[in-house]
Amino acid sequence: MENFFKSIERQAFRLALFACHNRDDALDLVQDSMCKFVDKYSQKPESEWKALFYKILQNKIRDFYRREAIRSRWRVWFGKNSEETVGDALEQLADPRNKNPEQETEEKFKFSQLQTELEKLSLKQQQVFLLRAWEGLSVKETAQAMKCSEGTVKTHYFRATEQLKKNLGDQWL
Amino acid sequence: MNDPNKTFDKNIRQVLNQSIEDLDLETAVKVGQLKYHALDTSRKRSSRLVWGAVPATVVALLLVFLLNGQQKNSLQQISSDITELSILTATDTLDFYAEEIEFYEWLSEVLENETDLSDLRGDLSTFFAPDLVLGSGIKRRNSSECGITGIPGDFRG
């Protein structure tokens, strides 16, 4: 179990961060998912763990959005400014290491570009794309994780890929 | 020639993988701790369940034993009370209870079971009282009439 978590923890964190744009919220989402996974699914076959874990994480992300929607309604009700400075996630996450400055800058730039384009996608398209393209889940597994049909997964994935290709430019192809 | 779709996917994966490698130290440490927290929480919860279940089981077993013992004692007490009462209220002599009661009890059981009753009735009637034929004219008295449960009145002399 520990090794499984080791293999997916950072990807799960990044996925959650793309969804909620806040480091602490992303950490909470991943931790809650891990706790629930250990409680409910640790007896399941190991081959199913990845899909099941991402299913829980997607549920947590959905719950997070529901809570956020309620909170924002309250903010509007009390007339508070709902525009909070989210900050540049890249700046928050950047870690100066002993790298070639040019290479580092290029990596940062590419990630920043990708992040911007990923955030332009709808949440479903974004998560389907990340689960399929990055996590390597099958269409069926992605459909289970996202609680939608396989046809919907294919449509979301196709549209997300097309939009990213178009916006990121030829240098990514 | 490279498939543009594959190259695109590869580039995406590469950039994303690099982004998780480049997590700042604080975030990386926090992410790394999540799994230990999840595993610890689960272990604590399961041990709490086990240790919570042990005293509950012990208490439940004790209650069952106590209640069961009390019930047995009270049942035994009631049955012995009934026996004593029936002896006290009966009109028979004490010799009857001391010497002949076992025989009559056996006889009572046999008659209650009604196994091959016609043969038995014939034998008994000739043995005890030739002029008293059970089931033919003279009705057996109800056992409650004689005061002793299970002993037919016809065989009590």
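Residues numbered from 1 in each chain as written. Chains lettered and ligands numbered in written order. Predicted model: local features only at pLDDT ≥ 70, side-chain atom pairs only at ≥ 80, totals over all residues.

### Points about the overall build of chain B
The number of helices and strands found in chain B is five helices and zero strands. Listed by position from the N terminus, the elements making up chain B come as α-α-α-α-α. Out of the 157 residues belonging to chain B, those deemed buried represent 9%. Contacts in chain B between residues at least 24 apart in sequence constitute 41% of all its contacts with a sequence separation of at least 6. (Helix = DSSP H or I, 4+ residues; strand = E, 2+ residues; numbered from the N terminus. Buried ≥ 20, exposed ≤ 12 C-beta atoms within 10 Å, placed from the backbone. Contact = placed C-beta atoms within 7 Å.)

### Describing the interface of chain B and chain A
Tallying the contact residues gives 27 residues for chain B and 29 residues for chain A. At the level of elements, helix H1 (4–21) and helix H2 (25–89) of chain B are the ones that each hand at least two residues to the side of chain B that touches chain A. Residues of the side of chain B that touches chain A, tallied by class, amount to 12 nonpolar, nine polar and six charged. (Nonpolar A, V, L, I, M, F, W, Y, C, P; charged D, E, K, R; others polar.)

### Overview of the packing of helix H1 (residues 2–20) of chain A against helix H2 (residues 23–41) of chain A
Residue and element names in this part refer to chain A. It is the contact of H1 with H2, at a shortest axis distance of 8 Å, that shows an interaxial angle of 135°. What the angle tells us is that H1 and H2 run oblique. Considering only the axes of H1 and H2, their crossing is right-handed. Contact residues: Phe 5, Glu 9, Ala 12, Phe 13, Ala 16, Leu 17 and Cys 20 in H1; Arg 23, Asp 25, Ala 26, Leu 27, Leu 29, Val 30, Ser 33 and Met 34 in H2. Its residues placed into classes, the contact of H1 with H2 shows 11 nonpolar, one polar and three charged. (Axes fitted to C-alpha atoms, helices over the stretch in contact; angles between N-to-C directions. Parallel < 35°, antiparallel > 145°, perpendicular 65-115°, else oblique. Left-handed = near helix turned anticlockwise from the far one by under 90°.)

### Considerations on the confidence of the model for chain A
Residues and elements named next belong to chain A. With 88% of its residues at a pLDDT of 70 or more, chain A shows a mean pLDDT of 85. Within chain A, helix H8 (residues 150–168) carries the highest mean pLDDT (94), whereas helix H4 (residues 89–93) carries the lowest (50). Across residues 82–87, where pLDDT falls below 50, the model places five contacts with residues more than four positions away in sequence or in other chains. (pLDDT = per-residue confidence, 0-100.)

### Here's the deal with the nonpolar core
Formed by 46 residues in total, the largest nonpolar core has its most connected members in Ala 16, Val 30 and Leu 57 of chain A. Top contributing element to this core by residue count: H1 of chain A, with 10 residues. Summarising the domain contributions, this core has at least three residues from each of domain 1 (1–82) and domain 2 (98–173) of chain A. When residues no more than four places from it in sequence are discounted, the contact partners of Val 30 of chain A are Glu 9, Ala 12, Phe 13 and Ala 16 of chain A together with Leu 34 of chain B. (Core = buried A, V, L, I, M, F, W, Y, C linked by C-beta atoms within 7 Å. Domains from an automatic or database assignment.)

### Here's the deal with the confidence of the model for chain B
Residues and elements named next belong to chain B. Across chain B, pLDDT averages 71, with 61% of residues at or above 70. For chain B, the element scoring lowest by mean pLDDT is helix H5 (residues 143–146), at 45; H1 scores highest, at 88. Note that residues 131–148 has pLDDT below 50 and, in this model, 32 contacts with residues that lie over four places away or in other chains. In the predicted assembly, ipTM is 0.78 and pTM is 0.59.

### Quick notes on H1 of chain A
Residues and elements named next belong to chain A. The end-to-end C-alpha distance of H1 is 25 Å, a good match for the 27 Å that 19 residues give at a rise of 1.5 Å each. Maximal helix bending in H1 amounts to about 45°, located at Ile 8. Summarising burial for H1: 14 of the 19 residues are buried, a large majority. (Expected span 1.5 Å × (residues − 1). Bend = angle between axes of the 7 residues up to and from the residue.)

### A word on H2 of chain A
With 19 residues, H2 of chain A ought to run about 27 Å at 1.5 Å a step, and its terminal C-alpha atoms sit 26 Å apart, in line with that. Those residues of H2 of chain A not exposed but buried are Arg 23, Ala 26, Leu 29, Val 30, Gln 31, Ser 33, Met 34, Phe 37 and Val 38 of chain A.

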